[in-house]
Amino acid sequence: MFDLKKKKGFVCDLDGTLFMGPNPIPSAVKFVIDSTNSGRFRFFYLTNNTSKCPSEYMKKIAGASIPVVPEQILTPLITLESYIREKGYRSVYLIATEKVKAHLAERLADAGVTLDYDPERNELIALTYDKELTYDKLARATELWNMRNEPPGPMCPIRTKNRTPVDFVATHPDNCCPSECGPIPDVGGMLKLLETTNGMKPSHVFGKPSPTLLSPVLAEFAPEEIAVVGDRLYTDKAIADNAHVDFVCVLSGETTREDLARYPGSPPSIVVETFDKVESSGK
Ligand SMILES: [Mg+2]
């Protein structure tokens with residue numbers, strides 16, 4: 001039973017929950033602004049989209065007059081940064097937009113991490129939602145993998161001196177990104193392209209539905225004190241389920257009542273038309 005009185009924080013999906021494309025959903029945004037200003041709830045903002053820096057999301061959220069600080073933005077770029085630090089990697093071949101690369105270079109400067117292609121030194125290939133992706137970037141990922149990870153054979157006569165296998169991770173699994181003109185390619189498609197080429201597969205895929213993205217929130221709150229709010233069952237509900245926290249399903253985005261009726265998994269903790277209605281449903 002969903003109990004609003006127990007809640008201290010909400011982890012909010014953005015598109016379909018607080019925004020429809022570039023436009024704020026007025027009643028949902030007003031609820032967030034009022035609850036932030038009164039200190040009633042803490043809010044965190046969740047996105048799998050790693051084509052943008054957290055600062056760009058701050059701008060979007062602040063643009064809707066919602067008070068926001070960097071610690072409230074949760075993107076798999078944070079998980080990637082933690083992963084690189086935990087593993088102690090110093091040389092990463094990062095496939096990312098120039099902006100995201102500059103962001104991560106700055107974040108990881110204290111750890112002496114470089115993010116350029118270097119077949120002898122690279123310890124990790126990290127794939128993000130690179131909207132500036134080129135054939136060369138993809139070819140380098142496969143070449144690096146071939147030279148370091150597969151046994152030498154006729155397909156790859158050139159081997160690096162460094163024989164330590166290179167690790168490979170991706171920031172999120174989304175097959176497509178929604179756009180005004182329907183689905184466009186996202187990391188999931190890039191992963192399939194690489195796998196089809198030489199069989200390379202990531203050791204980790206961060207982002208929704210992996211619960212690692214919620215680690216900063218669960219370090220502060222008990223699972224029963226928070227809920228994930230979102231419009232997609234297979235990503236937003238999945239991350240809530242994987243982290244064992246409540247899921248508030250909003251009908252302001254992708255999911256319809258028909259989808260919910262057909263959904264084979266457990267039902268959401270509550271279903272509301274727009275996020276602000278959580279108030280009346282919780283009573
Ligand atoms: Mg959404």
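You'll find the structure just up there.
None of the values given here were measured: they were computed from a predicted structure.

Rules and cut-offs
- Residues numbered from 1 in each chain as written.
- Predicted model: local features only at pLDDT ≥ 70, side-chain atom pairs only at ≥ 80, totals over all residues.
- Heavy atoms only, no water.
- Helix = DSSP H or I, 4+ residues; strand = E, 2+ residues; numbered from the N terminus.
- Buried < 20%, exposed > 50% of the residue type's maximum accessible area, 1.4 Å probe, protein only.
- Areas by Shrake-Rupley, 256 points an atom, 1.4 Å probe, with all protein chains shown as cover.
- Lys, Arg positive; Asp, Glu negative; His and termini not counted.
- Charge placed at Lys NZ, Arg CZ, Asp CG, Glu CD.
- Polar contact = N/O pair within 3.5 Å; in protein donor to acceptor, adjacent residues only side chain to side chain.
- Contact = heavy atoms within 4.5 Å.
- Core = buried A, V, L, I, M, F, W, Y, C linked by side-chain atoms within 4.5 Å.

Time to look at the overall build of the protein. Scanning the protein for helices and strands turns up ten helices and 14 strands. Taking the principal axes of the C-alpha coordinates as reference, the protein spans close to 65 × 40 × 35 Å. Across the 283 residues that make up the protein, the buried fraction comes to 49%. Surface summary for the protein: the accessible area is close to 13600 Å², and the carbon and sulfur share equals 56%. When the 33 positive and 38 negative side-chain charges of the protein are each reduced to one mean point, those points stand 2 Å apart.

To continue, consider the side chain of Asp236. Locating Asp236 in the fold gives a position in helix 8 (residues 233-242). In this structure Asp236 comes out as buried when scored by relative accessible area, which is 1%. Only 3.1 Å separates the side chain of Asp236 from the backbone nitrogen of Asp231, close enough to count as a polar contact. Not counting the four nearest positions on each side in its chain, Asp236 is found in contact with Asp13, Lys208, Val228, Gly230, Asp231 and Phe247.

With that settled, consider the nonpolar core. If you look at the biggest cluster of nonpolar residues, it comprises 31 residues, and the most contacted ones within it are Phe10, Leu18, Phe43, Tyr45, Val248 and Phe275. Broken down by secondary-structure element, the contributors of at least two residues to this core are strand 1 (9-13), helix 1 (26-38), strand 4 (42-46), helix 2 (54-63), strand 12 (226-230), strand 13 (246-250) and strand 14 (270-272). Considering every element that reaches this core, the biggest residue donor is helix 1, with five residues. Among all residues touching Leu18, those that are not within four sequence positions of it are Cys12, Asp13, Asn23, Pro24, Ile25, Ala28, Val29, Val32, Tyr45 and Phe275. Counting residues in each nonpolar core, the second largest holds 19 residues, with Phe44, Leu213, Leu233 and Phe247 among its members.

Any link to function would need more than the numbers given here.
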